[in-house]
Amino acid sequence: MKIKKVLTLLTALTCAAGGIAFQSHAETAQKGGTFNFVAPYDGSILSLDPHMTSKEQDLLVTSNIFRSLYQWSVEENRPIGELANVSTISDDGLTYTYKLNSNIMFHNGRAMTSDDIIWSWQRMLSMKPVSPNAGHIEIIEGAEAYKAGDAKAISGLNRISDSEFSIKLTKRVDPGYYFYLPGTAIVPHEAVEAAGDKFGLAPIGSGPFKFGEWVNGSHVTLTKFDNYYEKGKPYLDTLNFRIMQEGAARDISFKSGELDSILIEAAQYPQYANDPKLSKNLIEVAEMYTRLINLNPKYKPLADRRVRQAISLAINEDAINSRFLKGKAVNPIGWLPPTSEGFDPNAKGFGYDVEKARKLMAEAGYADGFDLEVLGTGNESYGVGVVEVLGQFLDDINIKVTTQQLEGGILYDRLVADDYQGLIWSFGSGPDPLKALNRWHSKTANTSGNYVHYSNAEYDALLDKAGNTNDQAARVDLLRRADRIFQDDASVWIFNYNKAVLASQPWVHGMKGVAIEIMYQDFADIWIDSTSPRAGK
Amino acid sequence: MHRFILKRLLQFIPTVIGVTLIIFLLLNLVPGNAALSSAGRLELDPEVVAQLRKDFELDKPVIVRYVNYLGRLAQGDMGKSMLRRYDVSEVVFGRLGATLKLACAALAIALIVGIPIGFISALKQGTWLDIGLAVVSVAGVSIPQFWLGILLMYVFSYMFNILPTSGYGGGAFSNLILPALTLGVGYAALLARITRAAVIEVLAADYVRTARAKGLSALAINLRHVMRNSFVLILTTSALLFGSLMGQTVVVERVFSWPGVGSLLVESIFQRDIPVAQGCLLLIIMVFLIVNLVVDILYRVINPRIDFK
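Residues numbered from 1 in each chain as written. Chains lettered and ligands numbered in written order. Predicted model: local features only at pLDDT ≥ 70, side-chain atom pairs only at ≥ 80, totals over all residues. Heavy atoms only, no water.

Brief notes about the packing of helix α8 (residues 173–203) of chain B against helix α10 (residues 218–248) of chain B
All names here are of chain B.
1) Next: It is the contact of α8 with α10, at a shortest axis distance of 9 Å, that shows an interaxial angle of 150°. Classified by the angle their axes make, α8 and α10 are roughly antiparallel. Helix-helix and strand crossings are classified by hand; for α8 and α10 the assignment is right-handed.
2) Next: Partitioning the contact of α8 with α10 into residue classes produces 14 nonpolar, 9 polar and no charged. (Axes fitted to C-alpha atoms, helices over the stretch in contact; angles between N-to-C directions. Helix = DSSP H or I, 4+ residues; strand = E, 2+ residues; numbered from the N terminus. Parallel < 35°, antiparallel > 145°, perpendicular 65-115°, else oblique. Left-handed = near helix turned anticlockwise from the far one by under 90°. Nonpolar A, V, L, I, M, F, W, Y, C, P; charged D, E, K, R; others polar.)

As structure tokens, then:
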């Protein structure tokens, strides 16, 4: 009996100690200080109004000022409830009832209610010019009628009480994948109405940081929001986003200690990866962007599946990724990247087999090969440079590759007009695997993403079935099978998934490998320790 | 003088109309989908794209859009940014201060360094000093701004850690030093070469020979005759340099994240934000025209023999 009591006591102590250890981990997060981060993409931040922009450069900042209904969870690799949680789901899987979390305040001191959700999304659909993010809201029943001006409200969006509301969807999808996006964030109507078009210049949200200062083309400064609904967060006092397009300038700023974390480009990656000190603080993730060459089926040789498969077999993707792209890429398998919920860990890529490729070319009647012009931009990771390298591989099966460099907008025009033979680019392939694979559904117009006019009845049927099932495991299985079919048809040549890399200073804690876009860091969780030159006092 | 200024100002009107037409046509004829770019990405619901085209009047013929644009411009309205969705004048004028600051600082470096070097080179023509300064000048003209910017950043921000690497830093002087040096070095070298040539030409003039024959000291000749007479050419070049600086800041602005008009212009062209690109170009051209007018007036001040008629 005594022994049992002692064991019970020991167990209790162990659990308590475990609890303390867990808490102490949380407590070790030090408060205060300034974090200097970068906005590394294409130039100036254009707007801090989340409904007016869909640019990553803008949204990586707004995602820390605003909050959306859902938030991307790195741990669960899917969106989870943020502002509200689902209380019930109807039997048909179309109507979701939500309960808002308590204590959510806007930076102007007002509590958020269900009306703010409804008003924000109605705004997205009714603003002129239309919000580029309006498409995400159109999954709600009645949204299109409201956008067209045929209804006074979105019929599928209903207020139940100040803290409860329901959403009726037009089809059975996981709403988290639509409403986690920073571009669907909830805004306070009175602040938007007061500021009008200029709301994006001094925004008011409900996120962990308040807007501080914005010097257009230089930096944005955010300051801690004391009434943020996650108690004790954020840890940082100040968060600066420095607009820095040049990788070399970012590199020097980081090494001089001015920046706390930077995005690493392919040119810098080997140096960081091989440096014993710098490599310790690298975060790498396979982002949900798949790099490919669109093979236009209207160009006769590419209409033959055997030719397309031969192209995939004749190119050694690993050699391109490890040597030309210096390892800053993840080798491909199917359309979905390894970070996708629908990725099949047992699937295998085409591999590198020139003999088999030659056989397929001969079977298709192209033993003597043909000419292939591939269009692309000057992008170092998925531009004409890659085409020049792969041309050497395709020489082995007598395909003579030429390339032409074009500006992005012009390239897009050529893509949607089917005015190309091959075209190298990078497309989003997540986070919702169903949505990502539906790009290649035969009903998807080429202007909406099915640029190669891919059509396979079996593939379509698997996706349709996946869209109609509530069984998550069955859905994932269907998606994996569909991805395998798409891969086998080789309608596009996939050569990698982007390996996004962040380098951080040793004093930085809490940065994560966010697969949807590594720059979408949630700074509510990030802190710096006392060794930082900008630590809190 | 007043009539001259008024006449020159009136000449601005047809110039500006001509320039707006060229800019408008060029920017609107560039291939690429402005409606898609206005949304900031290349993959959008076709219905959203169609709506954006309508909202931005991109569905109307170019000539109709130009007439509408000109009409608005006459009322001081430069239109709305397709990406930022607020007034172009606010976007562009918000960046002008930073560019003027950078261009003035770079010009100051060019004048302070370039003119004395040019004078010394000319006065010591053919000596080792002249050859050495010529080598330095040629190097200064030839160094790519991007490379020089990164090099200065590496030395002063990383090795010595005494200057910030980039950014506007609330307008702090320390943030201006590296971008101004990067931009100013090439212009200093160019100005040194031009000053040298101008001074050598004046030194060979008859009136300088006469002054020497009169027994004037070298200092008096250089101050009274050489400097004054070579100054007209130097002033013209400096003014042209300033105008050129306004449009040449783009590389430096990008490397140092300097929030000026140059980088805004390039960004807006790539992003197909046509109203902003038009606004930037118009502003740069207006500054160029005004600088030229000021130079014409200064000519008269320096040399009253110049006749405005």
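Concerning the packing of aromatic side chains
Residue and element names in this part refer to chain A.
1) Next: One pass over the structure, following the stated rule, counts 30 aromatic pairs over all chains.
2) Next: Between the aromatic rings of Trp 440 and Phe 486, the centroid separation amounts to 5.0 Å while the plane-to-plane angle is 15°, which identifies the pairing as stacked. Taken together, the residues span a long stretch of sequence, with Trp 440 in the loop between α16 (433–438) and α17 (457–467) and Phe 486 in helix α18 (residues 472–489) at a distance of 46 residues.
3) Next: Phe 486 gets classed as buried once you look at its relative accessible area, which sits at 1%.
4) Next: Ring-pair connections join several aromatic residues into one group, and the members of that group are Trp 335, Trp 440, Tyr 454, Tyr 459 and Phe 486.
5) Next: Sitting above the plane of the Trp 440 ring, Arg 439 keeps its charged end 5.7 Å from the centroid. (Phe/Tyr/Trp six-rings, centres within 6.5 Å; stacked < 30°, edge-to-face > 60°. Buried < 20%, exposed > 50% of the residue type's maximum accessible area, 1.4 Å probe, protein only. Lys NZ or Arg CZ within 6 Å of the ring centre and 35° of its normal.)

Remarks on the side chain of Gln 57 of chain A
Residue and element names in this part refer to chain A.
1) Next: As for its placement among the helices and strands, Gln 57 is situated in helix α2 (residues 56–65).
2) Next: Using a relative accessible area of 0% as the deciding quantity, one classes Gln 57 as buried.
3) Next: Among the polar contacts listed, one links the side chain of Gln 57 to the backbone oxygen of Gly 43, at a separation of 2.6 Å. (Polar contact = N/O pair within 3.5 Å; in protein donor to acceptor, adjacent residues only side chain to side chain.)

A short note on the nonpolar core
Residue and element names in this part refer to chain A.
1) Next: In terms of nonpolar packing, the biggest core is built from 173 residues, with Phe 35, Leu 69, Trp 121, Ile 140, Ile 167 and Phe 179 touching the most fellow members.
2) Next: Those residues within four positions of Ile 140 in sequence are excluded, and the remaining contacts are Trp 121, Ile 154, Gly 156, Leu 157, Ile 167, Lys 168, Leu 169, Thr 170 and Phe 179.
3) Next: If you look at the next biggest cluster of nonpolar residues, it comprises 65 residues, including Tyr 299, Val 387, Leu 411 and Leu 478. (Core = buried A, V, L, I, M, F, W, Y, C linked by side-chain atoms within 4.5 Å. Contact = heavy atoms within 4.5 Å.)

Section: the pattern of salt bridges
Residue and element names in this part refer to chain A.
1) Next: Evaluation of the coordinates by the stated rule reveals 37 salt bridges over all chains.
2) Next: The closest approach of N and O atoms between Asp 49 and Arg 123, which form a salt bridge, is 2.5 Å. On the criterion of sequence distance, the pair formed by Asp 49 in the loop between β1 (34–39) and α2 and Arg 123 in helix α3 (residues 114–126) is long-range, its members being 74 residues apart.
3) Next: With a relative accessible area of 0%, Asp 49 lands in the buried category.
4) Next: Note that Arg 250 is salt-bridged to Glu 265, the shortest N-O span being 3.0 Å. One end of the pair, Arg 250, is in helix α8 (residues 247–255); the other, Glu 265, is in the loop between β11 (261–263) and α9 (269–274), with 15 residues separating them in the sequence. (Salt bridge = Lys/Arg side-chain N within 4 Å of Asp/Glu carboxyl O.)

Some remarks on a nonpolar patch on the surface
1) Next: Nonpolar side chains collect at one region of the surface, where Tyr 154, Tyr 158, Met 159, Phe 160 and Ile 162 of chain B lie side by side and expose about 530 Å² of accessible area between them.
2) Next: With respect to the helices and strands, Tyr 154 of chain B occurs in helix α7 (residues 145–159). (Patch = residues over 30% accessible without salt bridge, like charges linked within 9 Å, V, L, I, M, F, W, Y side chains within 5 Å. Areas by Shrake-Rupley, 256 points an atom, 1.4 Å probe, with all protein chains shown as cover.)

As for the interface of chain A and chain B
Where interface size is quoted, it is often the accessible area lost as the parts come together.
1) Next: Counting from both sides, the interface comprises 49 residues of chain A and, opposite them, 49 residues of chain B.
2) Next: Three residues, Leu 46, Glu 246 and Ile 252 of chain A, lead the burial of chain A against chain B; their summed loss comes to 15% of the area buried on that side.
3) Next: The interface formed by chain A and chain B includes 4 salt bridges.
4) Next: One salt bridge in this structure joins Glu 246 of chain A and Arg 254 of chain B, with 2.6 Å as the shortest N-O distance.
5) Next: Applying the counting rule to chain A against chain B returns 14 residue pairs in polar contact (both at pLDDT 80 or more).
6) Next: Of all the elements in the fold, those that place two or more residues in the side of chain A that touches chain B are α5 (143–147), β10 (238–243), α8, α15 (408–416) and β16 (422–428) of chain A. (Buried area = accessible area lost by both parts, 1.4 Å probe.)

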